[in-house]
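Residue-level structural notes
Here is how the chains run, residue by residue.
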Amino acid sequence: MAYTTTAFPDNFLWGASTSAYQVEGAALEDGKKASQQDIINRDNFRERGFATAEVTSDHYHHFREDVALMAEMGLKAYRFSIAWSRVIPDGTGAVNPAGLKFYHDLIDELLAHGIEPIVTLYHYDLPWALVERYGGWISRQVVDDFEAYARLIITEFRDQVKYWTTINEQSIIVQYWTQKCYIPEEFRGNNQLRYQINHHMNLAHAVACNLVHELVPGGMVGSVIGYSPIYPLTSRAEDVMAAQNAHDLRNGYYLDIYFKGKYTDSAMAYLERHGLAPKIEPGDMELIASGTSDMLGINYYASECAKACPDDGTREMRWNGVNLTGKKGDISGFETHPGFYEMCKNPLLDTNDWDWAIDPIGLEYLLRDIWMRYGKPLMVCENGLGAFDTLEADGTVHDPYRIDYLSRHIAAMKRAMDYGVQMLAYCPWSALDLLSTSNGVKKRYGFIYVDRTDDDPRECRRYRKDSFAWYRNVIANNGAGLTL
Ligand code: BGP
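What comes next concerns the included structure.

1. Section: the packing of aromatic side chains
Scanning the entire structure with this criterion turns up 27 aromatic pairs. Where Y253 meets Y254, the ring centres are 5.5 Å apart and the plane angle is 85 degrees; that geometry is what we call edge-to-face. By relative accessible area, which is 0% here, Y253 ends up buried. The buried category is assigned to Y254, whose relative accessible area is 2%. Taken together, F8, F12, W14, Y426, F447, W470 and Y471 form an aromatic cluster joined through their ring pairs. Directly above the aromatic system of W319 lies the positively charged group of R194, at a separation of 4.2 Å from the ring centroid. Between the NZ or CZ atom of R444 and the centre of the ring of Y449, over which it lies, the distance is 4.0 Å.

Structure, rendered in structure tokens:
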């Protein structure tokens with residue numbers, strides 16, 4: 001029998017989400033200097049024709065219009081990130097007053113419209129100066145520099161911002177490290193560095209949690225994890241075990257740090273056996289354990305599937321591939337850890353055009369699982385459907401596929417809540433169209449259409465998609481009446 005939602009709690013935060021480098025543009029304006037994403041996306045443009053990060057959705061110049069549109073939708077929260085290279089252009093040292101002013105203006109505008117800011121301190125965009133100086137996240141020095149940056153931001157906005165998230169999607173950074181971090185050519189063959197970078201991020205995350213606890217009375221802080229529950233391909237015991245192994249290395253390895261202050265034993269044993277384990281210095285685990293989380297942000301797009309993978313010399317270790325074309329089936333390969341697990345396509349689920357499985361029940365499953373294991377409040381910081389949208393001649397955009405996707409995911413989240421999971425917010429990706437991390441601007445997620453192409457930013461005019469009116473209605477009904 002179909003499940004239909006009843007109303008959400010009165011204080012539930014209906015929101016939407018973006019990140020700085022993907023939406024702001026003005027990449028080198030008003031004192032901002034390059035971040036590693038400006039460099040990575042410049043190369044993406046040259047090599048693949050995807051838009052650069054120079055203009056993206058030009059939110060920097062349109063933010064008042066964008067906040068007005070968010071208010072029209074009825075948003076109660078907006079989750080966005082701060083660009084480190086806008087406020088401290090060289091990564092350390094001099095603060096850029098124009099950069100701070102932009103975020104003051106944005107936050108003031110949000111609060112004036114009754115929209116709660118949910119701030120992410122770091123979303124893939126390390127100042128390029130730090131990459132040049134010491135290789136960025138590869139070096140431990142970044143932890144101290146992040147601390148100075150985080151202290152500045154948290155102190156600056158502590159009276160206005162209650163909800164803080166630290167680092168976006170460490171688990172995804174490990175998987176797709178050259179897209180999410182600039183990794184100098186000579187290091188790309190060294191996979192241990194994926195886990196070393198993640199270790200430095202764990203330290204930075206703990207530092208930021210401690211800073212929020214020190215500086216923001218009543219504040220709440222946590223990480224944002226990119227999370228896919230992992231199903232076994234079959235009910236064979238070997239596949240079930242492989243799915244558990246994949247869970248431990250891809251999910252547990254992060255969750256246990258945030259909530260237990262330790263690395264997952266099984267994942268660590270696997271990494272040590274293969275020379276991939278991070279180098280841990282005295283005091284590191286104490287610092288990590290001290291940085292307790294009050295909540296967790298979850299980014300959920302798709303569930304994944306794993307099967308047993310023999311360690312018989314026929315397969316090589318590898319990390320996830322990516323679909324760069326938007327043609328179903330073009331994914332360039334699956335993560336493989338011989339003797340531990342191999343990821344594969346789930347034959348039972350349909351996908352979007354980039355091979356991401358569409359699975360609303362996966363959201364209920366993961367929320368209940370994380371709640372049962374760790375018992376902390378959760379917020380969905382991203383969830384959405386990347387699709388090719390069409391702007392019609394009359395300025396409309398018909399996106400029933402997105403409405404269907406979001407509607408069923410909201411219903412799945414509500415069913416998890418009916419079973420006791422404490423949810424603070426739902427912030428789908430994305431408030432407006434923006435630059436995808438892997439597929440340019442033609443892969444769209446927004447409620448608001450931004451008129452531009454990969455090679456021509458045009459004027460970035462905004463248009464309301466059908467999903468805009470639909471989401472306004474969902475919020476007006478406080479989530480009641482949606483069916484899974
Ligand atoms: C998450 C990121 C976002 C966002 C989203 C969609 O991993 O936190 O930054 O972009 O995924 O991914 P993509 O842009 O590759 O379609």
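2. Some words on unusual backbone geometry
Here the amide bond leading from W429 into S430 is cis, since omega sits at 10 degrees, within 30 degrees of zero. Along the chain, the position of S430 falls in the loop between β12 (423-426) and β13 (448-451). Despite not being glycine, Y124 has its phi angle at roughly 70 degrees, a positive value. With respect to the helices and strands, Y124 occurs in the loop between β3 (116-122) and α6 (128-134). You will see that E169, though not glycine, has its phi angle at about 55 degrees, which is positive. Mapped onto the secondary structure, E169 falls in the loop between β4 (163-168) and α8 (170-175).

3. Observations regarding the site of the ligand
Near the ligand, the surroundings consist of 15 residues, among which Q22, E169, T437, K443 and Y445 are the closest. In the model, an oxygen atom of the ligand is placed 2.6 Å from a nitrogen or oxygen of the Q22 side chain. Taking S438, its side chain carries an N or O atom lying 2.7 Å from an oxygen atom of the ligand. Within the complex, 96% of the 370 Å² of free accessible area of the ligand lies under protein. Across the shell around the ligand, the residue classes tally to five nonpolar, seven polar and three charged.

4. A word on the sheet that holds β12
Ordered by their spatial adjacency, eight strands build a closed barrel running β1-β2-β3-β4-β5-β7-β11-β12, and the pairing between neighbours is parallel. Direction aside, the axes of adjacent strands within the sheet are offset by 30 degrees on average. The strands that helix α5 (residues 97-112) touches are β2 (77-81) and β3; relative to β2, the one it contacts most, it runs at about 170 degrees.

5. Brief notes about the nonpolar core
Formed by 145 residues in total, the largest nonpolar core has its most connected members in W137, W164, M413 and Y471. If one sorts the elements of this core by residue count, helix α10 (residues 192-215) sits on top with 12 residues. When residues no more than four places from it in sequence are discounted, the contact partners of M413 are F8, F12, L363, L367, V380, M423 and Y426. Grouped together as the second largest cluster of nonpolar side chains are 12 residues, L13, A77, A425 and C427 included.

Rules used in this analysis
Residues numbered from 1 in each chain as written. Predicted model: local features only at pLDDT ≥ 70, side-chain atom pairs only at ≥ 80, totals over all residues. Heavy atoms only, no water. Phe/Tyr/Trp six-rings, centres within 6.5 Å; stacked < 30°, edge-to-face > 60°. Buried < 20%, exposed > 50% of the residue type's maximum accessible area, 1.4 Å probe, protein only. Lys NZ or Arg CZ within 6 Å of the ring centre and 35° of its normal. Helix = DSSP H or I, 4+ residues; strand = E, 2+ residues; numbered from the N terminus. Near = heavy atom within 4 Å. Polar contact = N/O pair within 3.5 Å; in protein donor to acceptor, adjacent residues only side chain to side chain. Areas by Shrake-Rupley, 256 points an atom, 1.4 Å probe, with all protein chains shown as cover. Nonpolar A, V, L, I, M, F, W, Y, C, P; charged D, E, K, R; others polar. Pairing = 2+ DSSP bridges. Axes fitted to C-alpha atoms, helices over the stretch in contact; angles between N-to-C directions. Contact = heavy atoms within 4.5 Å. Core = buried A, V, L, I, M, F, W, Y, C linked by side-chain atoms within 4.5 Å.

Nothing here speaks to function; it is geometry throughout.
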